[in-house]
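# Observations on chain architecture
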Amino acid sequence: MGDLKLFELDNGMAIELPGTAMTLEKSLQTLIEKNMETLFGVRCLASEYSTGKKHAGRMDSLGIDENGNPVIFEYKRAMNDNVITQGLFYLDWLMDHRGDFELQVLKRLGPTVTVDWSNPRLVCVAGDFNRYDEHAIGQMNRSIELVRYRSYEDRLLALDLVASTSAKATAAGEQSGPITTTGSTKTMNNTKTVSQLHEAASAQLKDVYDALEQYLLNLGDDVSKIVNKNYYAFRRLKNFACVEVHPQSAELLVYVKVNPDEVTLEADFSRDVRSIGHFGTGDLELTLASSEDVVRAQPLLDKSYAAS
């Protein structure tokens, strides 16, 4: 993989800051765990989580993301570490021990957090990856992310999403997604999954969704789509757009991470939902019912993407 380069500008001159990818030490793992929500949108639940005497394993970091999905972090400490295979072993173990994970969530975060088992994730962090790593994750029906890091003079940290894959959500794994705030809206009463609602949508609404999805995926090579029970999540290292499909009203509800105070709210198009319950993440709700609405929303989608 190509190397990351960072430059400091001084009076119009570019000065390269030397980046290092030394053997990943415990200090970096501790730093990521301490700032996991800021860096990845994941709340850290445990460090060096044991899989018990029988399996004799130890997950580097364990958390739950903003979509309610379990997340395992594994850190590649040497180029010959088979971190992907090891992480997949832990992912399978976790799926067979859901009760243990849910108890951990209950102890650390309380009873208001709901676990969504439709898309458990594995995040591999390393100084670098090779082309075989990227090829390998493409052959697996798992949600896996390869994240490269660089440290610059011990004061800057760069994270680069090298590659990612998304598993298809399974009916057996689907549970209710997380609700970001308390309240009551029409989105709370859905018993069908977003995939079922999408299938029931009119041809026109499907066309609107296709235009939206194409635009979101084309924002960058680092964009991935996650299928949760109640919404589609488009993300980089963190969510930047969550999309609900509403066939009865023939509209899409899109939640983006844009401060509602920084935009002019428009009736029937944009709404402040900071105090209104909804699925997904984001404080600004956009209502899209036509291809023109998708174009209208693009500056806000761009802004949310840039901030994620």
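Heads up: the structure comes first, above all this text.
Everything quoted here is computed from the prediction, not taken from an experiment. (Residues numbered from 1 in each chain as written. Predicted model: local features only at pLDDT ≥ 70, side-chain atom pairs only at ≥ 80, totals over all residues. Heavy atoms only, no water.)

### Notes on the pattern of salt bridges
Per the stated rule, a full pass over the model turns up 16 salt bridges. A salt bridge links K257 to E66, with the nearest nitrogen and oxygen atoms 2.5 Å apart. Separated by 191 residues along the polypeptide, K257 in the loop between strand 13 (251-256) and strand 14 (270-272) and E66 in the loop between strand 5 (58-65) and strand 6 (70-76) bring together distant segments of the chain. What makes E66 buried here is its relative accessible area of 15%. Where E213 meets K225, a salt bridge forms, and the shortest distance between an N and an O atom there is 2.7 Å. You can see E213 sitting in helix 8 (residues 203-217) and its partner K225 sitting in strand 10 (residues 224-227), a full 12 residues away along the chain. (Salt bridge = Lys/Arg side-chain N within 4 Å of Asp/Glu carboxyl O. Helix = DSSP H or I, 4+ residues; strand = E, 2+ residues; numbered from the N terminus. Buried < 20%, exposed > 50% of the residue type's maximum accessible area, 1.4 Å probe, protein only.)

### A look at the packing of helix 4 (residues 83-96) against helix 5 (residues 98-109)
Where helix 4 contacts helix 5, the two axes come as close as 5 Å, and the packing angle between them is 85 degrees. Accordingly, the angle class assigned to the pair helix 4 and helix 5 is roughly perpendicular. In this structure, helix 4 contributes W93, L94, M95 and D96 to the contact, and helix 5 contributes R98, D100 and F101. (Axes fitted to C-alpha atoms, helices over the stretch in contact; angles between N-to-C directions. Parallel < 35°, antiparallel > 145°, perpendicular 65-115°, else oblique. Contact = heavy atoms within 4.5 Å.)

### As for the environment of I84
Structurally, the position occupied by I84 is in helix 4. Along the sequence, I84 and E74 sit 10 residues apart, while their C-alpha atoms lie 8.1 Å from each other. In this view, I84 contacts L122, C124, D133, I137, M140 and L146; residues no more than four positions away in its chain are not counted.

### Observations concerning the side chain of R236
Tracing the chain through its elements places R236 in the loop between strand 11 (232-235) and strand 12 (239-246). A polar side-chain atom of R236 sits 2.7 Å from a polar atom in the side chain of D222. There is a polar contact of 2.8 Å between the side chain of R236 and the backbone oxygen of Y305. (Polar contact = N/O pair within 3.5 Å; in protein donor to acceptor, adjacent residues only side chain to side chain.)

### Quick notes on the pairing of strand 9 (residues 156-165)
Sheet topology places strand 8 (residues 143-152) next to strand 9; 9 bridges connect them, and they run antiparallel. Within strand 9, the position partnered with R150 by the bridge is A158. If you look at the hairpin formed by strand 8 and strand 9, you'll find 3 residues sitting between the two strands, and E153 has a positive phi there, around 50 degrees. (Pairing = 2+ DSSP bridges.)

### Here's the deal with the sheet that holds strand 15 (residues 284-288)
Strand order in the open sheet made by the 6 strands is 10-11-12-13-15-14, with antiparallel pairing throughout. Of all strands in the sheet, those with a lone pairing partner are strand 10 and strand 14, marking the two edges. Each strand of the sheet is rotated relative to its neighbour by a mean of 25 degrees, with strand direction disregarded. Examined bridge by bridge, strand 10 and strand 11 share 4 bridges and lie antiparallel to one another. Paired with K225 across the strands is F234, a residue of strand 11. Across the sheet, helix 9 (residues 291-307) is in contact with strand 12, strand 13 and strand 15; its angle to strand 15 comes to roughly 155 degrees.

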